[in-house]
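The chain contents come next:
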Amino acid sequence: MKITNDIIYVGVNDHKIDLFEGQYDVPNGMAYNSYVILDSKVAVMDTVDRNFTHEWLNNLDDALGDRKPDYLVVQHMEPDHSANIFNFMNNYPDATIVSSQKAFAMMKNFFGTEFEDRRIVVKEGDTLELGSHTLNFVGAPMVHWPEVIVTYDSKDKVLFSADGFGKFGALDVEEDWACEARRYYIGIVGKYGAQVQALLKKAAGLDIEIICPLHGPILTENLGYYIGLYNTWSSYATETEGIMIAYTSVYGHTKAAVEKLADMLRAKGCPKVAVNDLAREDMAECVEDAFRYGKIVLATTTYNAEIFPFMREFINHLTERNFQNKTVGLIENGSWAPLAAKTMKKMLEGCKNITYTNATVKIMSALNEQSSAQLEEMADELCRDYIAQNGETANKNDLTALFKIGYGLYVVTSNDGKKDNGLIVNTVTQVTNSPNRVAVCINKQNYSHHVIKNTGIMNVNCLSVEAPFSVFENFGFQSGRNTDKFKDCTPLRSDNGLVFLPHYINSFMSLKVEQYIDLDTHGMFICSVEESRVISDKETMTYNYYQDNVKPKPQTEGKKGFVCKICGYIYEGDVLPEDFICPLCKHGVADFEPIE
C-alpha cells in the first residue's frame with residue numbers, strides 16, 4: 001500500500017489475537033504497522049510481532065524489489081513492534097539500526113546484543129539524511145515507554161508517531177476510529193497525559209499532513225480532529241457532555257437505585273447517561289467511559305467491610321491512570337453498616353481536582369423515601385448546569401451570578417454579524433447594584449473591541465478552575481478577525497443571540513452597553529445586566545490560579561535560547577530574529593525572554 005510516492009506500508013493484520021497485552025479484548029484483531037521509505041538510502045520504520053515474521057519479510061521484499069535497506073529505525077521496543085529486529089539484521093547484514101540509547105539497552109535484554117557495530121544512536125533534534133527525505137527525531141519518553149522516539153519526514157510531511165494515534169482493530173475491518181482509539185489510549189497510554197501533552201506541543205511546530213502510527217489506520221484527512229481528541233484525552237478534559245454511572249449490585253437493589261437515578265438525570269436535561277454494570281461489561285470500556293465524561297456516579301454495596309470486588313478493580317484502574325478533573329457522586333448500599341462511600345472516597349483521595357456532590361445516597365438494603373430523596377438531591381446537583389444552559393428551564397434572573405466576579409479570567413463573546421467571536425479578558429467588575437452595572441475593559445487592538453462598540457452587546461463567561469490551557473490558546477492566542485474560534489464547538493445561545501460556553505464556566509451574564517469610556521489603549525464598556533445564569537458552584541479561575549496550575553511550565557532545563565512568556569514556546573538559538581512570531585500563540589519578540 002502506497003502512502004506517498006516514496007513511502008510504502010508493509011505491516012500486517014492479526015486476526016488470531018483475542019487479548020491485546022494479555023488484557024484488552026480485541027474482537028476485530030490488531031494491526032502491526034511497518035513502513036519503508038525509498039530514497040537514495042532506504043529506511044524501514046519498525047518491525048512487527050513475532051507471529052508474523054515471514055509475512056512481514058515477504059511484504060518487505062515486495063516493497064524493496066531489487067534494493068536492500070540501509071537503515072532500520074526502531075521507535076519503540078515493545079515486542080509487538082520490535083520482535084523481528086534480530087531476524088531483520090540476519091536477513092540484511094549490511095543494514096544499520098537507528099534508535100535511542102535506551103532502546104539499545106532494551107535490545108540487550110531482548111536479544112543479548114546492543115548491535116554496537118551496526119547502530120546509530122539518536123536523540124531529540126538529531127536528523128538522518130536519506131536523500132531528498134530528511135528524518136527528524138523527536139523524543140517521546142513515556143509515551144508510553146521511556147525509550148520512545150517519533151520521527152518526522154520533512155519532505156512528505158509525515159509523522160511516524162510510534163504508539164501515538166494508534167487504535168485497536170485490524171486495518172481490513174471497518175469500525176469507528178474514536179471508540180477504539182479512546183479505549184486504546186485510556187487503557188495503555190492514559191497514565192502519561194503530561195508526557196503526551198509535551199509531545200503534542202513539539203508536534204505543534206511541525207507541518208504534518210500524514211500520521212503513520214504503529215497500530216491502526218494511516219491518518220491523512222482532518223488531522224485536527226485526531227490531534228484535538230488526543231489533546232482532550234491527555235489533558236483529562238471532558239470529551240462528551242453527560243454523566244457516567246458505574247455500579248455493582250448483588251440482589252438488584254443497587255441496580256434499581258441506579259436505574260431510578262438515570263431516569264431522573266434524563267428528565268432534568270442530561271444529554272447522555274451512560275450506565276455501566278461493572279460485573280458484566282468489558283472493564284476497559286467502563287474505564288473509557290469514566291474518562292470520557294465529566295461527571296461520574298459510583299454505586300456499590302458494602303462487601304466484607306469494604307466494597308464489592310468489581311468496584312474495587314474499577315477504581316484501581318482509574319487511579320492507575322491519573323483519574324482527575326471530575327465531579328463524583330457516591331451511592332452506597334448496606335444492610336447493617338454501609339461503608340462503601342467512605343471506602344471509595346479513600347481510594348480516590350490521591351486523584352487531582354475531584355469534586356464530590358454534596359448529596360451522598362445511603363441505601364439501607366432497599367430504596368425508601370429518605371434514600372429516594374437523596375437520589376433526587378444528587379440528580380439536581382449533577383444537572384444544575386444542564387438546567388441553567390437550557391433556555392426553557394434556566395433561572396434567567398439569578399443575580400448571584402454577580403457574586404462570581406473576581407479578579408479572574410473571562411471569555412467575552414460577541415458576534416460581528418457573520419460569525420461568533422470570543423476573547424480572554426481579566427478586567428470585569430460590578431460597579432453598581434441599583435441598577436446592576438458591570439464594567440468590562442478591552443484592549444482597542446482586539447477585534448472584539450471593534451465588534452462590541454458597533455453592536456452594543458456581549459456575554460461575559462466566568463471561567464472556572466476546570467478550564468484547561470486549550471481554552472486560553474483558542475480565545476487568547478489568535479484574532480477573531482481571521483479565525484473562527486467556535487469552529488470545533490457547538491455553542492449554546494442566550495436570549496440576546498450571543499453564544500455562551502458549554503464547558504468550563506460557572507456562570508455567564510448577557511450585557512448591554514450603556515456607556516463607553518475611552519481609556520487610551522483600552523475601552524471601558526459600562527453595561528446593564530440583561531440576563532445572568534449560574535451554571536455551577538466551581539470556583540472562578542483567578543489569574544494566579546492560571547499562572548500556578550494551568551499555564552504550562554516551559555521545559556527549559558539544558559536549553560539555550562528564548563522562551564515565550566505567553567505560552568511557553570522555546571526558541572533555541574543565540575539570537576532571536578526581530579521578526580520572529582511564536583508558532584503557538586502568534587505573539588512577537590516583545591513577549592519572549594532569554595532562558596536563564
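Computed from a prediction, not measured in an experiment: that's the story for all the values here. (Residues numbered from 1 in each chain as written. Predicted model: local features only at pLDDT ≥ 70, side-chain atom pairs only at ≥ 80, totals over all residues. Heavy atoms only, no water.)

It is worth spelling out the overall build of the chain at this point. Within the chain one finds 16 helices and 34 strands. Against the globule reference of 25 Å for 596 residues, the chain gives a C-alpha radius of gyration of 27 Å, in line with a compact fold. In terms of its C-alpha atoms, the chain occupies a principal-axis envelope of roughly 85 × 70 × 40 Å. Counting over 596 residues, the chain shows a buried share of 54%. Long-range contacts, defined here as pairs at least 24 residues apart, represent 68% of the contacts in the chain between residues at least 6 apart. Working note: accessible area of the chain is about 26200 Å², and carbon and sulfur atoms make up 47% of it. The chain carries 56 positive and 80 negative side-chain charges, and their two centres are separated by 4 Å. (Helix = DSSP H or I, 4+ residues; strand = E, 2+ residues; numbered from the N terminus. Rg over C-alpha atoms; globule rule 2.2 N^0.38 Å. Buried < 20%, exposed > 50% of the residue type's maximum accessible area, 1.4 Å probe, protein only. Contact = heavy atoms within 4.5 Å. Areas by Shrake-Rupley, 256 points an atom, 1.4 Å probe, with all protein chains shown as cover. Lys, Arg positive; Asp, Glu negative; His and termini not counted. Charge placed at Lys NZ, Arg CZ, Asp CG, Glu CD.)

Turning next to the pattern of salt bridges. Across all of its chains, the model carries 30 salt bridges by this definition. Where R182 meets E239, a salt bridge forms, and the shortest distance between an N and an O atom there is 2.7 Å. Note that R182 is positioned in helix α5 (residues 177-189) and E239 in the loop between α7 (223-234) and β16 (240-247), a separation of 57 residues in sequence. Among the residues examined, R182 registers a relative accessible area of 3% and is labelled buried. When salt bridges with common partners are traced through the structure, they connect E180, R183, D282 and E285 into a single cluster. (Salt bridge = Lys/Arg side-chain N within 4 Å of Asp/Glu carboxyl O.)

On the basis of which strands lie adjacent, the open sheet formed by three strands has the order β33-β32-β34 and antiparallel pairing. Edge positions in the sheet fall to β33 (570-572) and β34 (592-594), since each has one partner strand and no second. Neighbour to neighbour, the strand axes of the sheet diverge by 25° on average, direction disregarded. Where strand β32 (residues 561-564) meets β33, three bridges bridge the pair, whose relative direction is antiparallel. Within the sheet, the bridge partner assigned to G561 lies in β33 and is E572. (Pairing = 2+ DSSP bridges. Axes fitted to C-alpha atoms, helices over the stretch in contact; angles between N-to-C directions.)

Let us now look at the side chain of D80. Locating D80 in the fold gives a position in helix α2 (residues 79-82). There is no salt bridge for the buried D80, and the closest opposite charge comes from R50, which lies 11 Å off by N-O distance. Of the polar contacts made by the side chain of D80, one reaches the side chain of H81; its length is 3.3 Å. Of the polar contacts made by the side chain of D80, one reaches the side chain of H215; its length is 3.0 Å. (Polar contact = N/O pair within 3.5 Å; in protein donor to acceptor, adjacent residues only side chain to side chain.)

To continue, consider empty space enclosed by the protein. The full count for this structure, using the stated rule, is one cavity of 30 Å³ or more. Looking at the largest cavity, its volume works out to about 60 Å³. Considering the residues around the largest cavity, the lining is formed by R182, I186, T232, W233, Y236, A237, E239, F291, R292 and K326. Of all the secondary-structure elements, those providing two or more residues to the lining of the largest cavity are α5, α7 and α9 (283-292). Considered class by class, the residues forming the lining of the largest cavity number five nonpolar, one polar and four charged. (1 Å grid on protein atoms, 1.4 Å probe; cavity = no way out; pocket = protein on both sides within 12 Å on 5 of 7 lines; lining within 4 Å. Points joined across faces, edges and corners; volume = space filled by probe spheres on them. Nonpolar A, V, L, I, M, F, W, Y, C, P; charged D, E, K, R; others polar.)

Glancing now at unusual backbone geometry. Between V143 and H144 the backbone carries a cis peptide bond, its omega angle lying at 5°. Looking at where H144 falls in the secondary structure, it is placed in the loop between β12 (134-139) and β13 (149-153). The peptide bond linking S434 to P435 adopts the cis configuration, its omega dihedral lying at 5°. Positionally, P435 belongs in the loop between β25 (428-433) and β26 (436-443). We note that A162 has phi near 55°; this positive angle belongs to a residue other than glycine. Within the secondary structure layout, A162 lies in the loop between β14 (158-160) and α5. We note that A305 has phi near 60°; this positive angle belongs to a residue other than glycine. Along the chain, the position of A305 falls in the loop between β18 (293-303) and β19 (306-307). In this structure A305 comes out as exposed when scored by relative accessible area, which is 58%.

This paragraph deals with the side chain of S494. Relative to the helices and strands, S494 resides in the loop between β28 (492-493) and β29 (499-500). Here N496 takes part through its side chain, which lies 2.6 Å from a polar atom of the side chain of S494.

Moving on: the pairing of β26. Burial of β26 is extensive: six of the eight residues sit out of reach of the surface. Across five bridges, the pairing between β25 and β26 is antiparallel. By the bridge assignment, T432 is partnered in β26 with R437. Connecting β25 to the antiparallel partner β26 that follows it, the hairpin turn spans two residues.

With that out of the way, let us pick up the packing of α9 against helix α10 (residues 309-320). Interaxial distance between α9 and α10 falls to 10 Å at its minimum, and their mutual angle equals 55°. On the basis of the axis angle, α9 is oblique to α10. As for the relative orientation of α9 and α10, their crossing is right-handed in sense. Side by side, α9 and α10 meet where M283, C286, V287, A290 and F291 of the first sit next to F310, E313, F314, H317 and L318 of the second. Of the residues belonging to the contact of α9 with α10, the class tally is eight nonpolar, one polar and one charged. (Parallel < 35°, antiparallel > 145°, perpendicular 65-115°, else oblique. Left-handed = near helix turned anticlockwise from the far one by under 90°.)

Another point: the packing of helix α6 (residues 193-203) against α7. Close contact between α6 and α7 brings their axes to 8 Å; oriented N to C, the two are set at 145°. α7 is crossed by α6, and the crossing has left-handed handedness. Within the contact between the two elements, α6 uses G193, A194, V196, Q197 and L200 and α7 uses I227, Y230, N231 and S234.

Turning our attention to the packing of aromatic side chains. Using the criterion set out here, one finds 32 aromatic pairs in the structure. Ring centres of Y32 and F52 lie 6.0 Å apart, and the angle between their planes is 50°; on these two criteria the pair is classed as tilted. Of the two residues, Y32 sits in strand β5 (residues 30-32) while F52 sits in the loop between β7 (42-45) and α1 (53-64), which places them 20 residues apart along the sequence. Neither Y32 nor F52 differs from the other in exposure class; each is buried. (Phe/Tyr/Trp six-rings, centres within 6.5 Å; stacked < 30°, edge-to-face > 60°.)

What follows covers the sheet that holds β25. The strand order across the open sheet formed by seven strands is β24-β23-β27-β30-β31-β26-β25, and the pairing between neighbours is antiparallel. Looking along the sheet, the strands with just one partner apiece sit at the ends: β24 (420-425) and β25. With strand direction ignored, the average angle separating the axes of adjacent strands in the sheet is 35°. Sheet analysis places strand β27 (residues 457-463) next to strand β30 (residues 505-519), joined by seven bridges and oriented antiparallel. Within the sheet, the bridge partner assigned to M458 lies in β30 and is L511. Packed on one face of the sheet, helix α14 (residues 447-455) meets β23 (410-415), β24, β26, β27, β30 and β31 (522-534) and runs near 55° to β23. Contacting β23, β24 and β27, helix α15 (residues 469-476) runs over the sheet at an angle of about 115° to β24.

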